[in-house]
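# Fold and contact review
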Amino acid sequence: MDKSSAAGRIFLGVSINNALYTLNALRPNRTNKLLFGWSFFASWITIELAPFILIAEVVSTAVLVRRGALRSTPGKVAMVLTLGSWAGMAATIRQSYAARHEIRTALRDLAEVDPSDPLPVRWERHVEFARAGGRSLRMDILRPDVPDVPGEPRPALVQVHGGGWVLGYKDRQGQLLMRRMASSGWVCCNVDYRLSPAATFPDHLVDVKRSIAWIREHADDLGVDPNFITVTGGSAGGHLTALTALTADQERYQPGFEDADTSVSAAVPFYGVYDFTDRNGVWPPDARRQFLGPWVMKRDPDERPDLWSAASPIDQVHAAAPPFFVIHGDKDVLAPVEDARTFVGALRAVSEQPVYYVELKGAQHAFEMFTSMRANASVDAAARFLQAVFDAYLSGPGAVAEPLEVVEAVGERLGAELAEDATVLH
């Protein structure tokens, strides 16, 4: 076999592999159990690192072409596949750029801290806030590394990690948003909670509420405003974020601290899980019966349907919910976007506070885990929303801003364009 034939065959193998990854990024699998895990990870990496992957493919193609790959039939077929793959990658990159452009355009009227002069920040690691299930529950605290101003307590943000309720650790997620908020003057706490299968829902939710109660109890030491604590998180953390915001002060979720105030002033769930009952029929195959039931809920979906409903944020919506900003990708295979749309619709139908929703085209699950065009844009939007709600709180009468003032402040910061496209205000 001459060198050109060998190069052509290698080129064909590489191009088939690249084309499969690109096709999967554009149309990730949601039904095949054997391919489901690979499909998610492959599409996630391909979508968020598309510019770098495209550069690598161009370089490898140039090397193989120089070695004579196009002088053979397999090489010519490979070139056709490669061009098609590049077109798909270009579409993915264009969607990432579009997300950044659309959000930043919508937020063009936002008044924010000059990014050229962010506050220095410092970490306080492994602070115990409770003990539960025989283990220590800890949080990391990220705060501005400047003296506090007497009489001007800082807003607080609680970050809840994801990991399917069975994995994850406090310092692995939410770093981009936390650093952004801390450098703007916020005190940010990423918290641990008990994990399944050792823990059974609602243990996870109870622990997040423990952290809020602890922060409120130690507000003076932390330099935070006990009347303004917000919550955010992604995936399972998004699910717990939504439930935390919607079940404030419910004694069934506060064993041993029933009288504690666990309310929050705003919630920003990223790619959250909003329906444990799968009423839309869009969950991955057997996910409830083979995973959620035996590992997290510890009961079959047909047993105690009231408990499955209680674990579903969509069934907990009510008029007194705090302001929400829901962010989701339309290519999400782990937390189907249909459930996010249903949740937002249900919440908007009853909530007296603003409910914002941004659906990012071409985005997979966990799209803000590391720096990318889309991650930076979505973190920017979340930061601006949180700051808008805080501004409304500061300008409102007494300790709580009126709903209309929240709407007006958020609308001013997010801009009319996003207000028209992404929210219904009551």
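It should be emphasised that the depicted structure is a prediction, and the values quoted were computed from it without experimental measurement.

Moving on, we come to the overall build of the protein. Tallying secondary structure elements over the protein gives 13 helices and 9 strands in all. Here the protein holds 426 residues, and 55% of them are scored as buried. For the protein, restricting intrachain contacts to residue pairs at least 6 apart in sequence, the fraction spanning at least 24 positions comes to 75%.

With that settled, consider the packing of aromatic side chains. Applying the stated rule across the entire model yields 17 aromatic pairs. Ring geometry for W165 and F276: centres 5.4 Å apart, planes at 85°, overall edge-to-face. You can see W165 sitting in the loop between β3 (154-160) and α5 (175-182) and its partner F276 sitting in the loop between β6 (267-270) and α9 (287-297), a full 111 residues away along the chain. A single burial state applies to W165 and to F276, both of which are buried. Ring centres of F270 and F367 lie 6.3 Å apart, and the angle between their planes is 50°; this geometry places the pair in the tilted category. Placement of F270 in strand β6 and of F367 in the loop between β8 (355-360) and α12 (373-395) is noted, with a sequence separation of 97 residues between them.

What follows deals with the pairing of strand β4 (residues 187-191). Across the 5 residues that make up β4, a large majority, 5, are buried. Here β4 shows no split at all, with V187, C189 and V191 on one side and C188 and N190 on the other all buried. Two strands pair when backbone bridges link them, and strand β2 (residues 135-144) and β4 are joined in this way by 4 bridges, in the antiparallel orientation. Residue pairing across strands places M139 opposite V191, the latter belonging to β4. With 5 bridges connecting them, β3 and β4 associate as parallel partners. Counted as the bridge partner of L157 is C188 from β4. Crossover handedness for the path β3 to α5 to β4: right-handed.

What follows covers helix α6 (residues 203-217). In this model α6 runs 21 Å from its N-terminal to its C-terminal C-alpha over 15 residues, within 8% of the 21 Å that 1.5 Å per residue would give. In terms of burial, α6 is largely enclosed, as 13 of its 15 residues are buried.

Okay, the nonpolar core next. The tendency in soluble globular proteins is for nonpolar side chains to be buried side by side. The biggest cluster of nonpolar side chains holds 59 residues, and the ones touching the most others in it are M139, I215, F276, F324 and F343. Looking at this core, the element that brings in the most residues is helix α8 (residues 236-246), giving 6 residues. Residues F40, L142, V268 and F385 belong to the second largest nonpolar core, which totals 34 residues.

Tracing the backbone through its elements, the reader meets D278 in the loop between β6 and α9. Of the buried charged residues, D278 lacks a salt bridge, with R288 as the closest side chain of opposite charge at 4.9 Å. Of the polar contacts made by the side chain of D278, one reaches the backbone nitrogen of W283; its length is 3.2 Å. Apart from residues no more than four positions distant in its own chain, D278 is found in contact with W283 and R288.

What the rule picks out here adds up to 2 cavities of 30 Å³ or more. There is about 40 Å³ of room inside the largest cavity. Its residues assigned to classes, the lining of the largest cavity comprises 2 nonpolar, 5 polar and 1 charged.

Here the largest pocket defines a volume of roughly 760 Å³. If you go around the largest pocket, you meet 29 residues; those closest to its centre are G163, G164, S235, L334 and H365. If you list the elements that add at least two residues to the lining of the largest pocket, you get α2 (33-48) and α9. With 5 residues, α2 is the largest single contributor of residues to the lining of the largest pocket.

A separate point is α9. Within α9 the residues assigned to the buried category are A287, L292, G293, V296 and M297. In a view along the axis of α9, the buried residues occupy a sector of 125°, so they form one face of it. Buried-residue contacts for α9 involve α6 and α10 (305-310). In the stretch just after α9, K298 is the one whose phi turns positive, near 60°.

Within a regular strand, side chains alternate between the sheet's two faces. Strand β7 (residues 324-329) sits mainly inside the fold: 6 of its 6 residues count as buried. Residues of β7 alternate between two faces, with F324, V326 and H328 on one and F325, I327 and G329 on the opposite face, all of them buried. Bridge count for β6 against β7 is 2 bridges, and the pairing is parallel. Counterpart to F270 in the pairing with β7 is I327. Following the backbone out of β7, through helix α11 (residues 337-350) and into the adjacent parallel β8, one traces a crossover that is right-handed.

The rules we used
- Every chain begins its residue count from 1, and numbering advances along the sequence as written.
- Under the rules for a predicted model, residues below a pLDDT of 70 receive no local features and side-chain atom pairs below 80 are neither given nor counted, while totals for whole chains, interfaces and linings still include all residues.
- Think of the side-chain values as coming from all heavy atoms in the structure, minus any hydrogens and water.
- Counting from the N terminus, the helices are DSSP H or I runs at least four residues long and the strands are E runs at least two residues long.
- In this scheme, a residue with accessible area under 20% of its type's maximum is buried, one over 50% is exposed, and one in between is partly exposed, where area comes from a 1.4 Å probe on protein chains only.
- Throughout, a contact is declared for two residues whenever any of their heavy atoms are within 4.5 Å.
- Working definition: a ring pair exists when centres of Phe, Tyr or Trp rings (six-membered ring for Trp) sit within 6.5 Å. Plane angles under 30 degrees give stacked, over 60 give edge-to-face, the rest tilted.
- Strand pairing is assigned whenever DSSP detects at least two bridges linking the two strands.
- Consider the strands pointing away from the viewer: the crossover is right-handed when the path from the first strand over the helix to the second runs clockwise.
- Working rule for helices: expected span equals 1.5 Å times residues minus one.
- Put simply, a nonpolar core is a bunch of buried Ala, Val, Leu, Ile, Met, Phe, Trp, Tyr and Cys residues held in one set by side-chain atoms that sit within 4.5 Å of each other.
- A positive count includes Lys and Arg, and a negative count includes Asp and Glu. His and the chain ends are not counted in either.
- We define a salt bridge as a contact between a side-chain nitrogen of Lys or Arg and a carboxyl oxygen of Asp or Glu at a distance within 4 Å.
- For the purposes of these results, a polar contact is taken to be a pair of N or O atoms within 3.5 Å, where, inside protein, one atom must be able to donate a hydrogen and its partner to accept one; residues adjacent in sequence count only when each atom of the pair is a side-chain atom.
- Buried and open spaces are told apart on a 1 Å grid over the protein atoms alone, a cavity being a set of points where a 1.4 Å probe fits but cannot get out and a pocket being an open set with protein on both sides within 12 Å along at least five of seven lines. Residues with an atom within 4 Å of a point are the lining residues.
- Grid points are joined across faces, edges and corners, and a volume is the space filled by probe spheres set on the points.
- Each residue gets one label: Ala, Val, Leu, Ile, Met, Phe, Trp, Tyr, Cys and Pro are nonpolar, Asp, Glu, Lys and Arg are charged, and the others, such as Gly, are polar.
- Note that the arc is defined by the directions from the helix axis to the C-beta atoms.

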